[in-house]
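Summary of structural features
In case you want the letters, here they are:
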Amino acid sequence: MADKKEQPALTAQLHNGAVEHAIDLRKIWAIVLKNWMVMKGDKVRLIPLIMMPIVMIIIFGYAAGGIPKHIPAAIVDYDHSDFSSSVVSQMSGLDIFSIKYFVGTQDEGKALMDKGEIKVLFIIPQGTGERVASGQSANLDVMVDESDSSVASIAKGSAQSFAAQLSSQITAQRLTAISAMAVSGRADLAAASATSSSAPAAQSAISSSQRAVASYWTNAKYVNSLSSAQTSATIQGLQNSLGYMVDQNEIVSSYTPASLSTATLSLLATGDNQQSVLQSIGSYQGLAAAQGMLMRDAAGIYANYQQAAAQALGQSKASQVSARFIGSAESKFSTISASAAQATNPVGIQFVEPYGYGRKGIDFLLPAILAMTIFQGATMGLGRAIAGERKDGSLTRVFLTPTSNVTIILGTQIFYLMLEVVRSCLLVLVAIMLFGVSITGNITDIIFIIAIFAMGCTGIGMVLSVMTKTQDQYMALAMMISLPSMFLSGVFFPVQTMPPILQGLAQFLPITYAADALRGIMVKGFPAYLIMNDILLLLLFFAITFALTMVFFKRELA
Amino acid sequence: MANPQSPYAIECMGITRKFGSFTAVDNLTLRVKKGELFGFLGPNGAGKTTTINMLTTLIRPTEGKALVAGFDLAEQGALVRSRIGVVPQSFALFEELTPIENLWYLGELYEMDRQTVAKRTEELLKIVTLYDKKDVQSGTFSGGMKQRLSVAAGLLHSPQILFMDEPTTGLDPQSRIALRELTQQLNQTGITVIYTTHDMDEADKICQRIAIMDHGKLKALGTSKELKEYAGHSHKIILELDHHDGKLLEELKKLTDAISVTSEGKMVELRVKKLRHDVVHKLTDYLYRHDVEVGEFNISEPTLEEVFITVTKKELRD
């Protein structure tokens, strides 16, 4: 217990009323240190704060964007065909679904779904195999447990993609068959084409033989006419000699060639000469007649020949035309065959990666995760800052000191800002260590952006903290701001898929610009001056929140 | 108006504080001398805390003026604050920090020289007997210890006036006693102490002068003795006698100069305005000589509670 000698100490060194400086660096630093000591002294608050970024990055690194696996499912096969067996065995081999049961009826399957044992039931209707084999289309029935909406949408998508895969397989098989048929058709046509390819040669052969025959006929006719003339002349000569002979015998006064044969016969008795001449005439006349008959036959044969030749020529020309068609058909079959082979994958996509090859999804997600973590941490974490201290009275003691409002605000905000920067660095570090994320840009640029953004975010936290009277009030308001911002940050759902109103709202959120700026540096490797727009907006954001904090910060207790 | 040489630590001139239509403090006028241990006494809601808040510049008065430590409350707030220290109702320090760290922080905010802070921290912690716990997180302290730390914090920058707002509320009896002793000790070193409480007994025990407040108004002001006299209260001598009669009672009354004497069964009550120093001797002597056996012998003082009821009832009657 003190005694009188303590007296001087207690009343000594009276403090001279100090003037409040607007910004007092010593006091700002004292506030920062104090906040750190308070945080350090509360392990229950400190540890989650440090662990949160690590947890976030682990969740996103491992969980987000992953392909779902092993959704429990069952199959009912009403078809019992080779096709259905193949479908079943293919399904069993998928990662996405884990076929736990084979049931006999749909009702059995539904019962399993009711119990929650399966989420998806595949039903192969009767006759599916037949329909597919006969070239028709068939449906597989799928029953999905809608009550678990997150699994339901994934299951539906997976089932559809499985069906698409299956369809694509069957189509490929059918196309292969078509292709084979086309190949054999082509072979047939090739054979047909071979025969009709001789047509032009045949045509020219026919034409040339026609010409040869025509020329022979002409020659024959000429020769015949010559010999006919000769025969006629000979007969005439003989007849003349016979006539002369007759004149000499004065037996016949007149005769006509017509009656020459009778005359001939009656003259036979008169003389051997006359007889031999008459015989000669007769044989020459027979010869003429025979020549005539021969010519007539030859003419007939020639006419027939010409007719046949013309027909053959006509047919040959026709077959030439069909040869063209055959040729065309042949090339079409060839095309069908080739197309069938390529039908399954006509257009592929080759990704051209603009920001480096071999980067994983997490690389591109990291800036948004960072922005979101900072925003959340800053808006949710400042409850104790002003609101809490006001409630528990420690702020009152501060008000009794010559410390300006600006100093109090800046000191508090700078502490939380530093905290957010450290947390962000931790997050990035863990991302690099655990997931091998690669950062393109300049580290100082990144920290610079983080710092500016964190100033604005802690600014929001400060505004809320000075506006509210208790930590509970603070949390209520902070949640209202931070939860929607989380969803509009683009980390969980792409902003582009949202309705225009929400997209417009996202434009007002600093988190959008921070994520953009960070992407610019971390992914695209821009130096800071290229993202000036974003930087200026973030600075503006900080200025606004600071102004609001000053406006709302009440020094009076009431 | 400001007068640092004034013999008064505090001068209130009709200060008033309204919250909307509710008047928390109504036209308070009083003066506290330098070096006094001055009490504000009244029930919850009487306006004590609001008065303290005004005098410590945490709230502005809606009307009236006041001088604290010789400086004008409204115009020279910073100077006022430099001369006053506060022990608020709540702990108002950081439970995660040790006493040394808490005092360090305040020292920084008061722009005190670090060596001075170190020295004073050691001195103050010794005075409030927390020196052995100087590196322990203050969240682990008992209520009494926390309050003592709060006192040390209030004194860090050597204020002339220390405002203590219901400092013993919620403490166990031993801690209360310890704190009261500490308060008196501090006061003896020359610091003016403004002490608010709703505990009439406590005010009676330690405050040199007391302002009784109710519904925002000053009801009575004076030393404990003055107040009791003003309210017309008297001491009571209560005796348990094995036998008595009217004559005996009359004699006792004369002997003690009592205002009245009443009896109920064996109990006899004498109301005495002024308690004479030899009254006990006289009484026991007389009773012994008259063969009266005394079972109980009680002398009770008038209480401030009685004063309070009287004072407020008077107000109502008026």
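Data block above holds the structure.
Residues numbered from 1 in each chain as written. Chains lettered and ligands numbered in written order. Predicted model: local features only at pLDDT ≥ 70, side-chain atom pairs only at ≥ 80, totals over all residues. Heavy atoms only, no water.

1. Some thoughts on the overall build of chain A
To keep things clear, this is the line we draw: Put simply, DSSP marks the helices as runs of H or I at least four residues long and the strands as runs of E at least two long, and each gets a number from the N terminus on. Remark: exposure states derive from per-residue accessible area (1.4 Å probe, protein chains only) relative to the maximum for the residue type, with buried under 20%, exposed over 50%, and partly exposed in between. Any two residues whose heavy atoms approach within 4.5 Å are treated as being in contact. Only the protein chains shown count as covering a residue, and every accessible area follows the Shrake-Rupley method with a 1.4 Å probe.
Tallying secondary structure elements over chain A gives 19 helices and four strands in all. Within chain A, buried positions represent 40% of all 558 residues. Here the analysis covers contacts within chain A between residues at least 6 apart in sequence; of these, 80% occur between residues at least 24 apart. Here chain A has roughly 29,900 Å² of accessible surface; of this, 63% comes from carbon and sulfur atoms.

2. Re the overall build of chain B
On a plain count of helices and strands, chain B comes out with 11 helices and 14 strands. Expressed as a percentage of the 318 residues in chain B, the buried residues total 53%. Sequence separation of 24 or more characterises 69% of the internal contacts of chain B that already satisfy a separation of 6 or more. In the form shown here, chain B has an accessible surface area of approximately 14,400 Å², with 48% of it arising from carbon and sulfur atoms.

3. Some details on the packing of helix 14 (residues 405-435) of chain A against helix 19 (residues 532-552) of chain A
All names here are of chain A. Rules: Every axis corresponds to a line fitted to the C-alpha atoms, with the helix fit spanning only the stretch in contact, and the corresponding angles, defined between N-to-C directions, vary from 0 to 180 degrees. Throughout, the term roughly parallel applies to angles under 35 degrees, roughly antiparallel to angles over 145, roughly perpendicular to angles from 65 to 115, and oblique to all others. By definition, any crossing whose near helix is turned counterclockwise from its far helix by less than a right angle is left-handed, and any crossing with a clockwise turn is right-handed. Under this grouping Gly is polar, as are all residues other than the nonpolar Ala, Val, Leu, Ile, Met, Phe, Trp, Tyr, Cys and Pro and the charged Asp, Glu, Lys and Arg.
At a minimum axis distance of 11 Å, the contact between helix 14 and helix 19 shows a crossing angle of 130°. Viewed along their axes, helix 14 and helix 19 adopt a mutual orientation that is oblique. For helix 14 against helix 19, the interelement crossing comes out right-handed. Contact with helix 14, carried on its side by N405, V406, I409, L410 and Q413, involves F542, F546, T549 and M550 of helix 19 and no other residues of that element. The residue inventory of the contact of helix 14 with helix 19, partitioned by class, reads six nonpolar, three polar and no charged.

4. Section: the side chain of B:R209
Residues and elements named next belong to chain B. To keep it simple, the criterion reads: Throughout this description, a polar contact denotes any pair of N or O atoms lying within 3.5 Å of each other; where both atoms belong to protein, one of them has to be capable of donating a hydrogen while the other can accept it, and for residues adjacent in sequence the pair is counted only when both atoms sit in side chains.
Note on placement: R209 falls in strand 9 (residues 209-214). Exposure remark for R209: the relative accessible area of 15% places this residue in the buried category. A polar contact is formed between the side chain of R209 and the side chain of E36, at a distance of 2.7 Å. Leaving out residues up to four positions away in the same chain, R209 has contacts with R31, V32, K33, E36, L37, F38, G39, L221, G222 and T223.

5. Let's talk about the sheet that holds strand 14 (residues 294-300) of chain B
All names here are of chain B. Operational definition: Here, strands pair whenever DSSP counts at least two bridges between them.
Spatial strand order, 12-13-11-14: four strands in an open sheet with antiparallel pairing. Sheet topology places strand 12 (258-264) and strand 14 at the edges, where each strand pairs with a single neighbour. Recorded for the sheet is a direction-independent mean angle of 15° between the axes of neighbouring strands. Both strand 12 and strand 13 (residues 267-272) contribute to a ladder of six bridges, which runs antiparallel. Note that in strand 13 the partner of T262 across the bridge is E269.

6. Observations regarding the interface of chain B and chain A
To keep it simple, the criterion reads: Note on definitions: buried area is the accessible-area loss of two parts on being combined, 1.4 Å probe, summed for both. By salt bridge we mean one thing: a side-chain nitrogen of Lys or Arg within 4 Å of a carboxyl oxygen of Asp or Glu.
Opposite the 52 residues of chain B that make contact, chain A presents 44 residues. Between chain B and chain A, roughly 4,200 Å² of surface is buried when both sides are summed, and carbon and sulfur atoms account for 60% of that area. When residues of chain B are sorted by the area they lose upon contact with chain A, B:L58, B:L109 and B:E111 head the list and together hold 16% of the total. Inspection of the chain B/chain A interface yields three salt bridges. Where A:R26 meets B:E108, a salt bridge forms, and the shortest distance between an N and an O atom there is 3.1 Å. Applying the counting rule to chain B against chain A returns 11 residue pairs in polar contact (both at pLDDT 80 or more). Listing elements by their share of the side of chain B that touches chain A, those giving two or more residues are strand 1 (8-19), helix 2 (77-83), strand 6 (84-87), helix 3 (99-109), helix 4 (114-127), helix 5 (143-155) and helix 6 (173-188) of chain B. For the side of chain B that touches chain A, the element with the highest residue contribution is helix 3 of chain B, accounting for seven residues.

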